[in-house]
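# Summary of the model geometry
Listed below, chain by chain, are the residues.
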Amino acid sequence: MFTLNEVKKNPQIIEFINQTVASLKALAYTEHGPRHLGLVSDRARNLAKCIGLNKIEQELVAIAAYCHDIGNFLGRTEHHYWGALLFHQIFQQNFSARDLSQIIQAITNHDKEEMKFSSKISAVLVIADKSDVHRSRVIDNSPDNIAKDIHDRVNYATTDSKLRIDKKNKKIILTLKIDTKFVPIMEYFEIFTGRMTYCRTAADYLGYKFNLVINNIKLL
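Residues numbered from 1 in each chain as written. Predicted model: local features only at pLDDT ≥ 70, side-chain atom pairs only at ≥ 80, totals over all residues. Heavy atoms only, no water.

## Notes on the packing of aromatic side chains
Put simply, the rule is: Stacked, edge-to-face and tilted labels apply to pairs of Phe, Tyr and Trp rings (six-membered ring for Trp) whose centres lie within 6.5 Å, assigned for plane angles under 30 degrees, over 60, and everything in between, in that order. Per the convention used, a helix needs a DSSP run of H or I reaching at least four residues, while a strand needs a run of E reaching at least two, with both numbered from the N terminus. Each residue's exposure class comes from its accessible area (1.4 Å probe, protein chains only) as a fraction of the maximum for that residue type: buried when under 20%, exposed when over 50%, partly exposed otherwise.
Per the stated rule, a full pass over the model turns up 11 aromatic pairs. Consider the rings of Phe 117 and Tyr 205, whose centres lie 6.0 Å apart with planes at 40°: the pair is tilted. Residue Phe 117 is found in the loop between helix H6 (97-109) and helix H7 (120-130), and its partner Tyr 205 is found in helix H10 (residues 185-206); the two are separated by 88 residues along the sequence. Judged by relative accessible area, Phe 117 falls into the buried class, the value being 12%. Taking 4.8 Å as the distance between ring centres and 25° as the angle between the ring planes, the aromatic pair formed by Tyr 188 and Phe 192 counts as stacked. Pair noted here: Tyr 188 and Phe 192 are both in helix H10, with a separation of four residues, about one helical turn. For the residue pair Tyr 188 and Phe 192, the accessibility class agrees, reading buried in each case. Taken together, Phe 2, Phe 87, Phe 91 and Phe 95 form an aromatic cluster joined through their ring pairs.

## Concerning the environment of Leu 85
Looking at the secondary structure, you find Leu 85 in helix H5 (residues 79-91). A relative accessible area of 57% means that Leu 85 is categorised as exposed. As for Leu 85 and Ile 104, which are separated by 19 residues in sequence, their C-alpha atoms are 7.4 Å apart.

## Some words on the packing of H6 against H7
Any two packed helices are characterised by how steeply their axes cross, that is the angle between the axes, and by the distance between the axes. Where we set the bar: Axis definition: a line fitted to C-alpha atoms, over the contacting stretch in the case of helices. Angles run 0 to 180 degrees between N-to-C directions. Crossing chirality is assigned from the near helix's rotation relative to the far helix, an anticlockwise turn below a right angle marking it left-handed and a clockwise turn marking it right-handed. By the convention used here, residues are in contact when the closest approach between their heavy atoms is within 4.5 Å. Under the convention adopted here, Pro, Cys and the residues Ala, Val, Leu, Ile, Met, Phe, Trp and Tyr are nonpolar, Asp, Glu, Lys and Arg are charged, and Gly plus all remaining residues are polar.
Running from amino to carboxyl end, H6 crosses H7 at an angle of 40°, the nearest separation of the two axes being 8 Å. Crossing of H6 over H7 shows right-handed handedness. Facing Gln 102, Gln 105, Ala 106, Ile 107 and Asn 109 of H6, the residues of H7 in contact are Ile 121, Ser 122, Leu 125 and Val 126. For the contact of H6 with H7, the class distribution of residues is five nonpolar, four polar and no charged.

Structural data, given as structure tokens:
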């Protein structure tokens with residue numbers, strides 16, 4: 001089976017990630033490069049393993065997670081479609097039709113909140129991706145930028161972010177520590193409510209409940 005390590009070595013994937021980093025930096029977006037992709041891929045694989053997906057499914061979701069943002073350099077608004085098409089173009093000879101379809105569907109679903117889930121791989125990727133909130137995602141952490149950009153402000157205020165799976169009680173728990181000197185917690189919900197709702201929908205599909213804990217207070 002084609003593996004994540006082989007995908008990472010593909011020169012087109014490497015360049016698409018480099019171009020995405022440059023494009024989103026020009027747009028003053030949060031980091032969507034190697035740090036984010038590596039973390040989301042690791043979280044997706046771990047979540048898939050914890051909920052009982054088999055080794056092939058674990059590998060597929062890790063691959064989808066690593067490649068989910070590669071289309072950003074072609075356009076932010078439809079980047080999930082661009083990424084799926086690029087992945088298919090590069091790797092259509094390396095996967096079975098079923099495995100390939102699950103990867104490109106997951107890449108598309110990760111930023112398509114009106115979709116109904118039909119694959120656990122897609123649901124796992126959504127949770128792994130949307131749970132990455134942290135100050136390390138902020139590219140320009142100058143005081144002026146932090147003050148004017150709510151996305152950077154909320155990410156910069158998040159000093160710790162952990163995703164935990166409680167198998168016994170069937171819960172997926174995102175625990176955040178937010179420095180309220182930078183933002184009130186309500187600013188987090190101002191921009192992340194839709195993403196947390198999508199995580200809850202994904203967790204429901206997996207047969208779990210999604211919990212959000214901020215500064216030791218359970219909010220979802």
